[in-house]
Amino acid sequence: MLDFEIKSILGEKYKNGFFEKASSLSNILHKEGILVFNSFISPVGLIKIQKEAAILKPNSFKSSSEYNVYVSDYDDNFPAESPRNRIMSTTKKCIPNDLIPKGSILQKLYDSSYLKNFFCELLGKDNLYPYEDSLSSININYYDKGDALGWHFDNSDFTITLLVKNCIKGGIYEFFNDIRYKDGKEDYAFVERILNNEVYGTKVDSFEGDLMIFKGNKSIHQVTAVEEGERILVTFNYNEKMGVSLSEKSRKTFFGRI
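The model shown is predicted, which means the values in this text are computed figures rather than measured ones. Note on numbering: residues in each chain are counted from 1, in written sequence order. Local features are withheld for residues below a pLDDT of 70 in this predicted model, meaning they are given only at 70 or higher, and side-chain atom pairs are given and counted only at 80 or more; totals for whole chains, interfaces and linings count all residues. Only hydrogens and water are set aside; all other atoms, that is, all heavy atoms of the structure, feed into the side-chain values.

A. Molecular detail of helix H6 (residues 188–195). Of all the positions in H6, only Val 191, Ile 194 and Leu 195 are classed as buried. Buried residues of H6 fall within an arc of 95° about the axis and therefore sit on the same side. The buried label goes to any residue with under 20% of its type's maximum accessible area, the exposed label to any with over 50%, and the partly exposed label to all in between, with areas taken from a 1.4 Å probe on protein chains only. Segments assigned H or I by DSSP are reported as helices when at least four residues long, segments assigned E as strands when at least two residues long, and all are numbered from the N terminus. The directions from the helix axis to the C-beta atoms form the arc being described.

Shown next, in the form of structure tokens:
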């Protein structure tokens, strides 16, 4: 049963019967690599989350990170200019989970068994668990003017995000679905074309309150630089196994502590 408080902050079409469509939606996700649930959060719920995020922002950690598309160590078997080793960059501010109040709407959404069961069926998972460390399960990410997310594949096979606030200009999500492998091997040639701006991916028009689920480790993606305004994105991070922690290196990079 959908908890009354959770139901009160969901968009109208998600309150009754929608989550029963998980199996059919799963086929769309598998084929297209992405699902966007427009107005997943109601206008009233969105205002509450925006206020929470605004209050927390002064405590956020500003990070600037460099990495290759595969978010892995430098490989001496490839030249520095190859798509395997070319450097991307991300700048943003972030609030880790331990600074989000236990009674916050975001925490209640994340912990909701009803929503979690929906995600499990949608993603074909037996169960989903929070991170073992106290920082990584829910993150509020702030992108101010000039901040961007460079091209990369995620380590996890799915990513769940909630757009809390959209910027006025820029901050466009772009992705290529299922292009990582060719004949069972990394398709470096196509990734190089992407990095050289020879081909362009699918751009997603996201709106405040939209929930997005995409296949992060097979779909290369980026978010272009914010040109005007502020973009706030929440990531709901789950694991298929209990007891998993985000690496200390990643925690230090994005949160400034472990």
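Right, picking up where we left off after that structure.
B. Here's a closer look at the side chain of Thr 90. Position of Thr 90 among the secondary structure elements: in strand S3 (residues 88–95). Polar contact is defined as a pair of N or O atoms within 3.5 Å, subject to the rule that within protein one atom must be able to donate a hydrogen and the other to accept it, and that residues adjacent in sequence are counted only when both atoms are side-chain atoms. Here Tyr 67 takes part through its side chain, which lies 2.5 Å from a polar atom of the side chain of Thr 90. Apart from the residues within four sequence positions on either side, Thr 90 is in contact with Ser 63, Ser 64, Ser 65, Tyr 67, Ala 148, Leu 149 and Gly 150. Contacts are assigned to residue pairs that have any heavy atoms within 4.5 Å of one another.

C. Fine view of the pattern of salt bridges. Criterion for a salt bridge: a side-chain nitrogen of Lys or Arg within 4 Å of a carboxyl oxygen of Asp or Glu. Inspection of the entire model under this criterion finds 15 salt bridges. Between Lys 203 and Glu 174 there is a salt bridge; the shortest N-O distance is 3.8 Å. Of the two residues, Lys 203 sits in strand S11 (residues 202–204) while Glu 174 sits in strand S8 (residues 173–176), which places them 29 residues apart along the sequence. Of the charged contacts, one joins Lys 215 and Asp 178 as a salt bridge, the two residues approaching to 3.1 Å between their closest N and O atoms. One end of the pair, Lys 215, is in the loop between strand S12 (211–214) and strand S13 (220–223); the other, Asp 178, is in the loop between S8 and strand S9 (181–182), with 37 residues separating them in the sequence. With a relative accessible area of 37%, Asp 178 lands in the partly exposed category.

D. Representation of the packing of helix H2 (residues 22–32) against helix H5 (residues 113–123). One way to put it is that H2 packs onto H5 with a least axis distance of 8 Å and a crossing angle of 50°. One element, H2, and the other, H5, form an angle in the oblique class. In the crossing of H2 with H5, the sense of the turn from one axis to the other is right-handed. Residues Ala 22, Ser 23, Leu 25, Ser 26 and Leu 29 of H2 form the contact with H5, whose own contacting residues are Phe 118, Glu 121, Leu 122 and Leu 123. In this count, Pro and Cys sit with the nonpolar residues alongside Ala, Val, Leu, Ile, Met, Phe, Trp and Tyr, while Asp, Glu, Lys and Arg are called charged and the others, Gly among them, polar. Per-class residue counts for the contact of H2 with H5 are six nonpolar, two polar and one charged. Convention adopted: a line fitted to C-alpha atoms gives each axis, helices being fitted over their contacting stretch, and angles between N-to-C directions are expressed from 0 to 180 degrees. For this classification, under 35 degrees means roughly parallel, over 145 means roughly antiparallel, 65 to 115 means roughly perpendicular, and everything else is oblique. The sense of a crossing depends on the near helix, which, turned anticlockwise from the far helix by less than a right angle, makes the crossing left-handed and, turned clockwise, makes it right-handed.

E. Spotlight on the packing of aromatic side chains. Only the six-membered ring of Trp is used, alongside the rings of Phe and Tyr, when aromatic pairs are assigned; centres must lie within 6.5 Å, and planes under 30 degrees apart are stacked while those over 60 apart are edge-to-face, with the rest tilted. Enumeration over the complete set of coordinates arrives at 21 aromatic pairs. The interplanar angle of 25° and the centroid separation of 5.6 Å between the aromatic rings of Tyr 70 and Phe 153 together place this pair among those described as stacked. With Tyr 70 in the loop between strand S2 (61–67) and S3 and Phe 153 in the loop between strand S5 (149–152) and strand S6 (159–165), the pair connects residues that are 83 residues apart, well separated along the chain. In this structure Tyr 70 comes out as buried when scored by relative accessible area, which is 7%. Judged by its relative accessible area of 1%, Phe 153 falls in the buried class. Each residue in the set Tyr 14, Phe 18, Phe 19, Phe 37, Phe 40, Tyr 110, Tyr 114, Phe 118, Phe 119, Phe 236 and Tyr 238 is aromatic and connected to the rest through ring pairs, giving one cluster. Arg 180 extends its terminal NZ or CZ atom over the ring of Phe 153, reaching a point 4.6 Å from the ring centre. The side chain of Arg 231 reaches across the aromatic face of Tyr 143, ending 5.9 Å from its centre. Comment: the charge-over-ring label is applied if NZ (Lys) or CZ (Arg) is within 6 Å of the ring centre and within 35 degrees of the ring normal.

Just geometry here; none of it tells us what the structure is for.
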